[in-house]
Structures are given as structure tokens and as C-alpha cells.
Amino acid sequence: MKNEVVQGLYEVLDYRLSQETIETVLETPKYEHLGDIAFPCFELARINRKNPKLLAEELAEKLRGSVPIINTVEAIGPYVNIFYNKKLVMERTLSAIQVGENHYGAHEFGEGKTITMDLSSPNIAKPFSMGHLRSTVIGNAIGNVLEKCGYDVVRINYLGDWGTQFGKLIAAYTLWGNEVTVRSNPIQELLKLYIFFHEQAEQDQKLEDLGREWFKKLEDGDVYATKLWKWFREESLKEFQTIYNLLGVTFDSDKSEAYHHDQTPEVVEQLKEKGVLQTSQGAQVVPLEAEGLPPALIKKSDGTTLYTTRDLAAAIDRKNVYNFYQSLYVVGHEQSLHFDQLRAVLSKMGYDWADQLVHIPFGMMLQDGKKMSTRKGKVVFLQDVLQKAIDVAKQNIEEKNATLEKKEEVAKQVGVGAVIFHDIKNDRRNDVDFSYEEMLRFDGETAPYLQYTHARAKSILGKAPNISKKNHYDLPEQEWEAVWPLVKHIAMFPEVIKASAQEYNPSKLAKYLVKLAQAFNRFYTKVHILQEDAYMAARLEMVHAVTVVLKEGLNLLGIEAPEEM
Ligand code: ARG
């Protein structure tokens, strides 16, 4: 619909504004009675040095009758308010869904382009944190939406399995660790050791040195250090996998920091060749003063590598393997500087694709307004959160629908869905306050509300008599008021997908789904859907369309939509 309005305006404006400009200028009026879409004339008036009010009137006149999708046009002040041809919108939207089913809303603009996406990427020997949950679910949703736009998305779990912290952990284990205890509950016990190490190190400087020595040994391939590291890694992977299974997230690659560590000598060689590496107090750095950034540390004075070194190797490897159109990193905003440095160093190395690296930052998960810190032991275990959510969902089912089949499965879909949606629905850049209550709420703007709405629509369809499909739809005049907002929302789905993809912003889709569900629920209370009159086919087709869009929308966010709840 919007496209047609853009095209129409483009033509009546004699191609003076680009289609992109028209598209960004168009807005949705605050109130229904002001139209379905509006074109403010300020920008055009500025260019033409004309009065915006007069321009709006002129434009409205020209637009009248020139575009089929437009029913009426009104100039109000500097605005051209446009009302759609409701019947035509309904007909087109419903037949598009009849034909396309869950392909409805797809685009082709991403076809032939590969996007690599670095997401989740937790650190081994530590619990899977809420920050990593954010990266996982936000990243997964962005990936799905990009795929819906035609891109080839490669999901990479860049496991944090290399770095000084493993030297510290090995040191702690050799000092205070006990194999039997660690085997009984690996992640929690390793975390305890890690925390204890940091407490002790505050009094005893030598411990830090010991940690560094062990990391050096690990980098040099020491047998004992490597054996411990492998063990910690395996235990962590097992634990992470149970979380990924619950969340339903899969990856295409799990090349980790350790994997890319092996490529770092080559990177260092290249940096030397290009003459961008300098020695500073025994360490190797790339100065980035001209870029307004602190120097990037490439090698410490003891010869060990750093996070940046490994990320450089990984970026180059990804370009070589996938020849990406874009390389995304879904990582908390506290690492923005790191990614600025990464891009700066790559471009100093002469890689003209450096600006195809896009950091997609998100806010922190706070507890009582403060950052959660693994070192200080202030963590909430994600597995506990998910389990609690599933338990609450189960309880709900027992109370409301005890005879439901597949109770366990539905409880899992609802509980996990609640956690995922809670994380996605707000703009990712905002910090989120961790609250069990908020996370486990099942009403209001939540996944369970959307899932219930979907199941309710499905059950209406289940009760409907079998009638043959039509492709001409009409409704009695008095029903349009309740129906039109719903039709409009269903018709907007493709635009919402496009915007969510282009802005890497799945919260747009999440908010849209809530509005769609609300519009449906209003329709449901105001209109007698199953009344056997000439309009029943149209109403049922709408209900069907709602189920298709809600389900597909939820799936794109990484959430399942049970048929029955
Ligand atoms: N493991 C890192 C952390 O937990 C995140 C890695 C993000 N990806 C990257 N290529 N640097 O902080």
C-alpha cells in the first residue's frame, strides 16, 4: 500500500523528490479520522520556497483519483491526508495471504547477499549470563528477519574460550580445586573458584602473575594447561547446549576465539608488513590517534595475544570464507570502543570492507539498577529463569485448561516465549531491569498474550463450517469500523518486516504484533464472526490471516505459537 502511495506521489511531484525521501517523510497520523497515511509538505515547501499549506492543497488535488489504492485525499494545513480504499486493501491483503501463507511479508532485496552474524558468544567456565541471553535472542530474531528479506544469514557462535581469564582459572584450580567437586557441578564450582581467585588476588598481587604465567603456558601449548582447558570447555558446551535447545537456537558455525587464536601469527605478520605495528613498553600496539581512538593492543609484553588480535583474525577469516555483504556483531554496548578499534585497524591494514562490520549494540541487564558481575558472584542463572517461567506456565495451564493435550510442550513454548519476548519488546539499546515478575507476566504486552490470541483465532477457525474460499470480499457497513484497523495492521506486516530488518530492530516487529493482537481482540468482541450471512467468508478469511501473521511474526522472533492453549 505504502509503496503505491510513494509511487503515486513520486509521479504527481514530477519526480522532484526521490522515492526514498517520500518514503521517509510519509507518516501515520495520530488519529484515525485524519487518514491512514499523511504526507507533510514542509520538506517540499523548503525546496520550492513555497507555502506548505498551498502546496498541500495543490498536491491533494493532483492526487485525487490518480492512484487506485487511494480513496479520498484531504489537505489539512501543511498535510496531505490520505485515506485508503478499504475494500481494495482488504481484497489484496487477504488474497496475498491465501496465496503466500507464511511467505506473506517476505522481500527479495537481500537475495544473493550473505550476512555473517556473531551472536550469543558466551564465555566458557562461566554461567551463561543474561547479557548473552540478550545477544542470543535479539541476534536470532534479527537473523530471522534478515532471512525473510532474502539474505543468506550465517550465525556464528564465537565462543569466548581463550584469554587471560583461563590462566587465572587454571591457577585457581591448581591451588584450590578438587576434581570430584568440579565434576559434580562443573560450571558453578568453576565459578566459585574464579570468584575466590579474584577475592584472594585483591590481597595477593602474586596471584595475578601466576594467572598470567598459566595463560602463557596455555598459549605455548603446555600439556597440563591444555588438558584442563579442554575439560572446562567441554563441560561448558554441554551446559550451553541445554540452553540453546530450550531457546530453539542453532548456529551455522562455532569457530571460537581459540580457533582464531591459531591464525593470529599471520595477522601480526600482516600488521608488521603494513608498518602499522609499534612497540610500546614492550607491547605491540597499533596507534589510532588519527582516528581519535586509544591504541589497539595486539600483543602483550609477554607475547600473549588479546581479544582484539583474535577478533582481527576472525573478521578476516569470515571475509575470506563467506565474502560477506555485512558482518554483524550482536554485542553489548560496553564493547563499542572495541569494535571501533577493530574497524580502524582493519582499514589501516588496507581492507576496504572494514566498514561492512556493523556492531549491533544492546543495553545491559541490570539488577537493582546495577550491573550484574560474574566476578563478584552477582549473577542470575539463566537456566533457573527459564525453568521458573516454564513452571509458571504449567501452573497457568493447570488452572485454566487442565485437559489440554501436550501440556508439557505448551508450557515450555509459553514459558520460554515469555522470556524471549520480554527481552525483545523494548528497543535493544535501552538497559533492562531484571525482574522475575516482569519476565513472567502473562498479560499485557507479552508473548503469552500473543500466543493466546493466536490460539483463540485458531479455535474460531476450528469451529467454522467449511465454506469455499472467495476472492471478492465485502462487509456490511457497520462492521468496517471494527474491521478496518485490523485489515490495516495485517496489510502493514511486509513494511514492518522491512523496517525491522533495515534497522536491525526486532522490537518493531514485537510492538507491531501486540497492536495486531489488540486489533483482533477488538474485532472479536465487536463482530459476530460466525454469523452465517453473506459476509462470513470474509470474516473467516480475516481470522485466518491473523493466525498466519501472528504465527509467522512470533516465529521470526524465535517464539513458537501453539495451536491450542
Ligand atoms: N565472549 C564475548 C563476551 O562475552 C563476546 C564476544 C563477541 N564477539 C566478538 N567477535 N567479539 O564479552
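None of the values given here were measured: they were computed from a predicted structure. (Residues numbered from 1 in each chain as written. Predicted model: local features only at pLDDT ≥ 70, side-chain atom pairs only at ≥ 80, totals over all residues. Heavy atoms only, no water.)

Q: How should I be thinking about the sheet that holds strand β6 (residues 278-280) in this particular structure?
A: Reading across from one edge, β6-β7-β8 is the order of the three strands in this open sheet, with antiparallel pairing throughout. Each having just a single partner strand, β6 and β8 (296-299) make up the two edges of the open sheet. Ignoring which end each strand starts from, the neighbouring axes of this sheet average 45° apart. Pairing analysis gives three bridges linking strand β7 (residues 283-286) to β8, with the strands arranged antiparallel. Looking across to β8, one finds that Gln284 is bridged to Lys299. (Pairing = 2+ DSSP bridges. Helix = DSSP H or I, 4+ residues; strand = E, 2+ residues; numbered from the N terminus. Axes fitted to C-alpha atoms, helices over the stretch in contact; angles between N-to-C directions.)

Q: What am I meant to see in the site of the ligand here?
A: As a matter of local geometry, the ligand sits amid Asp118, Ser121, Asn123, His132, Tyr158, Tyr307, Asp311, Tyr329, Val331, Gln335 and Phe339. Separating a nitrogen atom of the ligand from a side-chain N or O atom of Asp118 is a distance of 2.7 Å. The separation between a nitrogen atom of the ligand and a polar side-chain atom of Asn123 is 2.7 Å. Protein chains bury 89% of the 350 Å² of accessible surface belonging to the ligand in isolation. Each residue belonging to the shell around the ligand can be placed in one class, and the counts come to five nonpolar, four polar and two charged. (Near = heavy atom within 4 Å. Polar contact = N/O pair within 3.5 Å; in protein donor to acceptor, adjacent residues only side chain to side chain. Areas by Shrake-Rupley, 256 points an atom, 1.4 Å probe, with all protein chains shown as cover. Nonpolar A, V, L, I, M, F, W, Y, C, P; charged D, E, K, R; others polar.)

Q: Got a minute to help me understand the sheet that holds strand β1 (residues 37-40) in this structure?
A: Neighbouring strands of a sheet are bound in pairs by backbone hydrogen bonds; such pairs are parallel or else antiparallel. Taken in spatial order, the three strands line up as β1-β3-β2 in an open sheet, and their pairing is antiparallel. Of all strands in the sheet, those with a lone pairing partner are β1 and β2 (70-76), marking the two edges. For this sheet the average axis-to-axis angle between neighbouring strands, irrespective of direction, equals 20°. Two elements, β2 and strand β3 (residues 79-84), share six bridges in a ladder whose sense is antiparallel.

Q: Can you help me understand unusual backbone geometry in this one?
A: Phi is mostly negative for residues that are not glycine, and the peptide bonds are mostly trans. The phi dihedral of Tyr15 is positive, around 60°, even though this residue is not glycine. Residue placement: Tyr15 occurs in the loop between α1 (2-12) and α2 (19-25). Not every positive phi belongs to a glycine, and Glu101 is a case in point at roughly 45°. Mapped onto the secondary structure, Glu101 falls in the loop between α5 (86-100) and β4 (114-118).

Q: Would you mind showing me how to read the domain arrangement of the protein here?
A: Assigned domains of the protein: these are domain 1 (2-84) and domain 2 (382-556). Taking the mean C-alpha position of each, domain 1 and domain 2 sit 33 Å from one another. Facing the five residues of domain 1 at the interface are four residues of domain 2. Carbon and sulfur atoms make up 42% of the surface buried where domain 1 meets domain 2, a total of about 430 Å² over both sides. Three residues stand out in domain 1 for area buried against domain 2, namely Lys2, Glu32 and Asp36, and they jointly supply 67% of the buried area on that side. In this structure, the connection of domain 1 to domain 2 is made through three salt bridges. Where Lys488 meets Asp36, a salt bridge forms, and the shortest distance between an N and an O atom there is 3.0 Å. The interface formed by domain 1 and domain 2 includes three residue pairs in polar contact (both at pLDDT 80 or more). (Domains from an automatic or database assignment. Contact = heavy atoms within 4.5 Å. Buried area = accessible area lost by both parts, 1.4 Å probe. Salt bridge = Lys/Arg side-chain N within 4 Å of Asp/Glu carboxyl O.)

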